[in-house]
Amino acid sequence: ASDWSSDVCSSDLQFFGANNLEGVRHCFRYKLYEIGTKYVGESNVDDAIQQVMQEFASNHGVTLLLGELIAGDVLVIQKVDLFEKLRLYRAVGRRIPAYSDAAGKILLAEKCDAEIMKLYSDGLIAFTEKTITDPAALFEQLDVIRQTGVATSDEEATRYVRSVAVPVKKNGSAVYAVEASLSIFEYSEEKERELTLGLYELKSKIENLIKRSDAVN
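Residues numbered from 1 in each chain as written. Predicted model: local features only at pLDDT ≥ 70, side-chain atom pairs only at ≥ 80, totals over all residues. Heavy atoms only, no water.

Visitor: Would you explain the overall build of the protein chain in this entry?
Guide: Per the secondary structure count, the protein chain includes seven helices and six strands. Reading the protein chain from its N terminus to its C terminus gives the helix and strand order α-α-α-β-β-β-α-α-α-β-β-β-α. Burial analysis of the protein chain (217 residues in total) assigns 41% to the buried set. Within the protein chain, residue pairs in contact and separated by at least 24 positions form 58% of the contacts whose partners lie at least 6 positions apart. Looking at the protein chain as shown, the accessible area adds up to about 12200 Å², and 51% of this sits on carbon and sulfur atoms. (Helix = DSSP H or I, 4+ residues; strand = E, 2+ residues; numbered from the N terminus. Buried < 20%, exposed > 50% of the residue type's maximum accessible area, 1.4 Å probe, protein only. Contact = heavy atoms within 4.5 Å. Areas by Shrake-Rupley, 256 points an atom, 1.4 Å probe, with all protein chains shown as cover.)

Right, dumping it as structure tokens:
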């Protein structure tokens, strides 16, 4: 691995002179400024994403999460649960088997069947009586998701919880998924349609925030 301190501001060091201590200090200060600016930019976009997610969760009365695929799991990287309805079900940093989760299925749909099977060499383990454990059934569902751009989970990861998710794309590929979850007692087909339309508006906002952040950094 390269060490940025070994070649930091090499052109400036030549200008100031290798023995010019103040020149060296200037270079290191500038490098630290660059790193700090990048960190603040990333922090700001995280805050902005959290804000638009909070607005959505408040307007629709759902638990909302943003997840990314890590191996065969969805890693929860942002979560909003204003009413603490699903406090234990979804926690930042928790990993959820992707095949049992709406956000996970959206991200798995980016892969081919062979790639997916490699992720689950031990098979698809059931977490509830509704978890998909048959690979053929999973692949069939993923085919539909590729066509519709929407994934659902019906008590497959957690009992009494339904979820709907859409992809968050960067450069044409789904890098994250945003998911809305609610209890089966609050669910209706009309509510799912409402959430799906809303999630597509939310995903566009998140994609634009990421795009702006990338342009700045």
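Visitor: Help me out: how do you make sense of helix α7 (residues 189–216) in this one?
Guide: Because each turn of an α-helix spans 3.6 residues, side chains separated by three or four positions end up pointing in the same direction. The terminal C-alpha atoms of α7, which comprises 28 residues, lie 41 Å apart, in line with the 40 Å expected from a rise of 1.5 Å per residue. Of the residues making up α7, those classed as buried are Lys191, Leu195, Thr196, Gly198, Leu199, Leu202, Lys203, Ile206, Glu207, Leu209, Ile210 and Ser213. (Expected span 1.5 Å × (residues − 1).)

Visitor: Looking at this structure, I do not really get the sheet that holds strand β1 (residues 63–70). What am I missing?
Guide: In spatial order, the strands read β3-β2-β1-β6-β5-β4; together these six strands make up an open sheet with antiparallel pairing. Whereas interior strands pair on both sides, the edge strands pair on one side only; in this sheet they are β3 (95–97) and β4 (151–154). Averaged over all adjacent pairs, the angle separating strand axes in this sheet is 30°, with direction ignored. As paired elements, β1 and strand β2 (residues 73–80) share seven bridges and run antiparallel to each other. Looking at β2, one finds that Leu65 is bridged to Lys79. Helix-sheet contacts for α7 involve β1, β4, β5 (161–170) and β6 (173–183), and the interaxial angle to β5 is about 30°. (Pairing = 2+ DSSP bridges. Axes fitted to C-alpha atoms, helices over the stretch in contact; angles between N-to-C directions.)

Visitor: Would you take a moment to explain the packing of aromatic side chains for this structure?
Guide: In this description, a pair of aromatic rings is defined by centroid distance and the angle of the planes. Under the counting rule described, the total for this entry stands at three aromatic pairs. Here Tyr99 and Tyr120 contribute two aromatic rings whose centre-to-centre distance is 5.0 Å and whose plane-to-plane angle is 85°, an arrangement assigned as edge-to-face. Within this pair, whereas Tyr99 is found in the loop between β3 and α4 (102–108), its partner Tyr120 is found in the loop between α5 (113–119) and α6 (135–148), the two being separated by 21 residues in sequence. When its relative accessible area of 8% is taken as the criterion, Tyr120 is described as buried. For the pair Tyr99 and Phe127, a centre-to-centre distance of 6.3 Å together with 35° between the ring planes defines the contact as tilted. (Phe/Tyr/Trp six-rings, centres within 6.5 Å; stacked < 30°, edge-to-face > 60°.)

Visitor: Please explain α6 as it appears in this structure.
Guide: With 14 residues, α6 extends 20 Å between its outermost C-alpha atoms, agreeing within 8% with the 20 Å of an ideal straight helix rising 1.5 Å per residue. Every buried residue belonging to α6 is among Leu138, Phe139, Leu142 and Ile145, and all of these are buried. Each buried residue of α6 sits inside an arc of 115° when the element is viewed along its axis, so together they form one side. Opposite the buried face of α6, at more than 90 degrees from it, the exposed residues are Glu140 and Gln147. On its buried side, α6 packs onto α4, α5 and β4. Between a side-chain oxygen at the N-terminus of α6 and the backbone nitrogen of Ala136 the separation is 3.1 Å; the capping residue is Asp134. Immediately downstream of α6, the backbone of Gly149 shows phi near 75°, a positive value. (Arc of directions from axis to C-beta. Polar contact = N/O pair within 3.5 Å; in protein donor to acceptor, adjacent residues only side chain to side chain.)

Visitor: It is not clear to me how the confidence of the model for the protein chain should be interpreted in this structure. Could you clarify?
Guide: The predicted structure's coordinates, where accompanied by low pLDDT, should not be read in detail. For the protein chain, per-residue confidence averages 83 on the pLDDT scale, and 76% of positions sit at 70 or higher. Considering only residues more than four positions removed or in separate chains, one finds that residues 1–41, a stretch of pLDDT under 50, has 22 contacts. (pLDDT = per-residue confidence, 0-100.)

Visitor: Help me out: how do you make sense of the pattern of salt bridges in this one?
Guide: Opposite charge on two side chains permits them to pair, given that their charged atoms come into close proximity. A complete count under the given rule lists eleven salt bridges for this structure. The salt bridge involving Arg146 is made with Asp143; its shortest N-O contact spans 2.7 Å. One end of the pair, Arg146, and the other, Asp143, are both in helix α6, three residues apart, so they sit about a helical turn from each other. Exposure remark for Asp143: the relative accessible area of 40% places this residue in the partly exposed category. Two residues, Arg162 and Asp154, come together in a salt bridge whose shortest N-O distance is 3.3 Å. According to the relative accessible area criterion, Asp154 is partly exposed, its value standing at 23%. (Salt bridge = Lys/Arg side-chain N within 4 Å of Asp/Glu carboxyl O.)

Visitor: Sorry if this is basic, but what is going on with the side chain of Ser181 here?
Guide: Among the structural elements, Ser181 can be located in strand β6. Polar side-chain contacts of Ser181 include one of 2.7 Å to the side chain of Ser163. Reaching out from Ser181, the side chain makes a polar contact with the side chain of Glu179 at a distance of 3.2 Å.

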